[in-house]
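# Observations on chain architecture
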Amino acid sequence: MSTNIKYRVLGVMSGTSLDGIDLAICNFKKNINWEFEIEKSKTLKYSKYWQKTLINLHTKNKNEISKINIEYGKFLGKTITLFLKNETVDFISCHGHTIFHQPKNNFTLQIGDGKTIANLTKIKTINNFRNLDITLNGEGAPLVPIGDIHLFSEYKYCVNLGGFANISVKEKNAITAFDICPVNIKMNHISKGLGFEFDKNGNIAKKGKIISVLLKQLNNLSFYKQTAPKSLSREWVEKYIDPLILNQYKAEDILHTFCEHIAIQIGYHLKDKSTLFTGGGALNTYLMSRISHYSKSKIFIPNHQIINFKEALIFGFLGVLKIRNEINTLKSVTGAKKDSCGGEINNPM
């Protein structure tokens, strides 16, 4: 195991809500416990071309997906090179962008070819964090809980409101984690239909009214009755959520109802102590007020840098654990046969 206990890493994250690429230069230091600092961060919005390409890629054939995997790797490589101008990092730790997530079929795909990124940037690049866990019969998700244990240990619950809401729950020296419900993957889509990238502060949702029948249908979906480990995907949203909404309701009423649905599902799990909220949804003041209404836990919203870059930070940390050959994926979270050290290391040619 490496004796080096200081690392300067670039964490790279692209979430299912397609709001852009999160880049964060992070410093990690280990004394007794791990400490971190986000030194420099930026979110780069996707061009119309990349938004359209990524949102439709799951409908393409294998050859087209392989081609875009390399093209997206080149795009990430060039983007990273610009961001890292005059900066040095020990390595890049890149989540990529999820195109398929079907753990029941032993399949997950995050594009952004690691070899291409490494060769373009001339920096060691770690990617493909989910595959090993899938081969061990795990869900391949969530991966963030290892960071919640080591970097955010003071909170009982950590909730990220991104494309989906996911939660880590720490109890008696153990951790469980799972996806709760869709969030921005659906809410941003509805907002775009109204000409907005997203519903800022939940202002549109706030004006709407509850659609009682829709709220009941959403809350009765069988996923919510399943026990962890469990994870959600774009495929699940298309199969179970989209048919309920269609175009039969006003957009602001759908957003209002969807916020209530999210708040009910999240609030159900927050029974005591303290909860750290991160992800773009944590900036939605209306949504957060509804979650507070249903929660019995004290809610903490950190500074904007941690709200926006916690996932990039933790994927940087997953890379550190990979380099050190230490466990970064937990069977208690994913349901795999054993804990593992996921990720593929790509050295530049």
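Check the entry above for the structure.
Residues numbered from 1 in each chain as written. Predicted model: local features only at pLDDT ≥ 70, side-chain atom pairs only at ≥ 80, totals over all residues. Heavy atoms only, no water.

This paragraph deals with helix H11 (residues 285-294). Given 3.6 residues per helical turn, the α-helix brings residues three or four places apart onto the same face. Within H11 the residues assigned to the buried category are Tyr286, Leu287, Met288, Arg290 and Ile291. Summarising the contacts, the buried residues of H11 are in contact with strand S8 (157-161), helix H6 (184-193), helix H7 (203-207), helix H10 (251-267), strand S11 (274-278) and strand S12 (298-300). (Buried < 20%, exposed > 50% of the residue type's maximum accessible area, 1.4 Å probe, protein only. Helix = DSSP H or I, 4+ residues; strand = E, 2+ residues; numbered from the N terminus. Contact = heavy atoms within 4.5 Å.)

Glancing now at the pairing of strand S3 (residues 34-44). Both strand S2 (residues 21-30) and S3 contribute to a ladder of 10 bridges, which runs antiparallel. For Lys29, the partnering residue across the bridge sits in S3 and is Glu35. Hairpin connection from S2 to S3: three residues lie between these consecutive antiparallel strands. (Pairing = 2+ DSSP bridges.)

With respect to the helices and strands, Ile180 occurs in strand S10 (residues 174-182). Expressed as a C-alpha distance, the spacing of Ile180 and Phe164, which sit 16 residues apart in the sequence, is 7.3 Å. Apart from the residues within four sequence positions on either side, Ile180 is in contact with Ala165, Asn166, Ile167, Phe223, Tyr224, Leu232, Gln265, Ile266 and His269.

Running from amino to carboxyl end, H10 crosses H11 at an angle of 40°, the nearest separation of the two axes being 8 Å. Relative to H11, the element H10 is oriented oblique. Here H10 runs over H11; the crossing is right-handed. Each of His256, Cys259, Glu260, Ile262, Ala263, Ile264, Ile266 and Gly267 in H10 lies in contact with H11, whose residues at this interface are Tyr286, Leu287, Arg290, Ile291 and Tyr294. Within the contact of H10 with H11, the residues separate by chemical class into nine nonpolar, two polar and two charged. (Axes fitted to C-alpha atoms, helices over the stretch in contact; angles between N-to-C directions. Parallel < 35°, antiparallel > 145°, perpendicular 65-115°, else oblique. Left-handed = near helix turned anticlockwise from the far one by under 90°. Nonpolar A, V, L, I, M, F, W, Y, C, P; charged D, E, K, R; others polar.)

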